[in-house]
Each structure stands twice: as structure tokens, then as C-alpha cells.
Amino acid sequence: MIKTVKSKKKIEFLFEKGLSFKNKGLFIKGRLFKDSNSCYGVSVPKKFFKSAVKRNLIKRRLRESVRNSSFVSLLPEGVCFFLIYNQKKIVESNEIFSSVEFLLEKLIKGLEN
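Residues numbered from 1 in each chain as written. Predicted model: local features only at pLDDT ≥ 70, side-chain atom pairs only at ≥ 80, totals over all residues. Heavy atoms only, no water.

(A) Looking closely at the nonpolar core. Judged by nonpolar contacts, the single largest core of 26 residues is most densely connected at Ile28, Leu62, Phe81, Leu83, Tyr85 and Val100. Mapped onto this core, the elements with two or more residues apiece are β3 (26–32), β4 (39–43), α2 (52–68), β5 (79–85) and α3 (93–112). Looking at which element gives the most residues to this core, the answer is α3, with 7 residues. Every residue in contact with Phe81, bar those within four places of it in the chain, is listed here: Ile2, Leu14, Ile28, Lys29, Gly30, Cys39, Tyr40, Gly41, Val66, Leu75, Leu104 and Leu107. With 8 residues, the next largest nonpolar core counts Val5, Cys80, Phe82 and Ile84 among its residues. (Core = buried A, V, L, I, M, F, W, Y, C linked by side-chain atoms within 4.5 Å. Buried < 20%, exposed > 50% of the residue type's maximum accessible area, 1.4 Å probe, protein only. Helix = DSSP H or I, 4+ residues; strand = E, 2+ residues; numbered from the N terminus. Contact = heavy atoms within 4.5 Å.)

Here it is, written out as C-alpha cells:
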């Protein structure tokens, strides 16, 4: 089961040395760690959405897309990734879901190499 990332050190290391991919205004940073916990995080910059209501809506959609993704079960044990929403408009849930699926597939292929 995948959990949310809580460790500040892990997040810093992830952003320093992780793999990164972009797709349709969505950015993913991922890395394989030596522990057995798989984790993820989501972020929506305040720069694009001043309203907390809109930021939280997008975060909920991102988390739901990760939980419903078929690629989460294919992730190797110990993978942590962070999704960042980089668009100025709110897109529908199905578009976010397809972008998350695409990015997770690319992350899995990138970690295998």
C-alpha cells in the first residue's frame, strides 16, 4: 500500500537526485529508496491558485488519481514520487488521471534502466 511522504530529508533528497518527467502541466519527480515503504506527495503552487479551495480541489483529484492508478501496484518497493501541478487552469479529473497514468508508466520505465 502506498502512503504519503512525511520525511523532510526524503523529500529534499528526492528533489536533488530524483528522475523527473513532465506531461500536460503535470510534473513528477521520483526515486528508488532502499527502504520498503512506497510513498508519494502532491503539490499545487500558490503562485497559480491563490484560493485554498481551488488548490485543495486539485490536490484531492491528484491523490484520487494516484490511488486509482493501475501502475501504483507495478511500482517497485521503496519508490517515492512527488507530483506537482503546473497549470494555471483547473482541468477535469479524467485528464489528470490520464496524465498521472502516463507519468507513472514513464517513472517505472526510468527506474528500471
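There is more to say after this.
(B) The arrangement of the pattern of salt bridges in detail. What the rule picks out here adds up to 3 salt bridges. A salt bridge links Asp35 to Lys10; the shortest N-O distance between them is 2.6 Å. Remark: Lys10 occurs in helix α1 (residues 8–17) and Asp35 occurs in the loop between β3 and β4; sequence separation between them is 25 residues. Residue Lys10 is classed as buried on the basis of its relative accessible area, which comes to 16%. A salt bridge links Glu64 to Arg67; the nearest nitrogen and oxygen atoms lie 3.0 Å apart. Residue Glu64 and its partner Arg67 are both found in helix α2; the two are separated by 3 residues, about one turn of the helix. Residue Glu64 is classed as partly exposed on the basis of its relative accessible area of 37%. (Salt bridge = Lys/Arg side-chain N within 4 Å of Asp/Glu carboxyl O.)

(C) The state of the cysteines, seen in detail. Throughout the structure, instances matching the rule amount to 1 disulfide. Disulfide pairing places Cys39 opposite Cys80 at an S-S distance of 2.2 Å. Between Cys39 and Cys80, the disulfide has an S-S torsion of 75° and is therefore right-handed. Taken together, the residues Cys39 in strand β4 and Cys80 in strand β5 connect sequence positions 41 residues apart. (Disulfide = S-S within 2.5 Å.)

(D) Local environment of the packing of aromatic side chains. The full count for this structure, using the stated rule, is 4 aromatic pairs. With a centroid separation of 5.9 Å and 55° between ring planes, the pair formed by Phe13 and Phe33 is classed as tilted. Here Phe33 lies in the loop between β3 and β4 and Phe13 lies in helix α1, a separation of 20 residues in the sequence. Given the relative accessible area of 30%, Phe13 is considered partly exposed. Between Tyr40 and Phe81 the ring centres are 5.9 Å apart and the planes differ by 25°, which places this aromatic pair in the stacked class. Within this pair, whereas Tyr40 is found in strand β4, its partner Phe81 is found in strand β5, the two being separated by 41 residues in sequence. Its end group placed over the ring of Phe33, Lys10 keeps NZ or CZ at 5.2 Å from the ring centre. (Phe/Tyr/Trp six-rings, centres within 6.5 Å; stacked < 30°, edge-to-face > 60°. Lys NZ or Arg CZ within 6 Å of the ring centre and 35° of its normal.)

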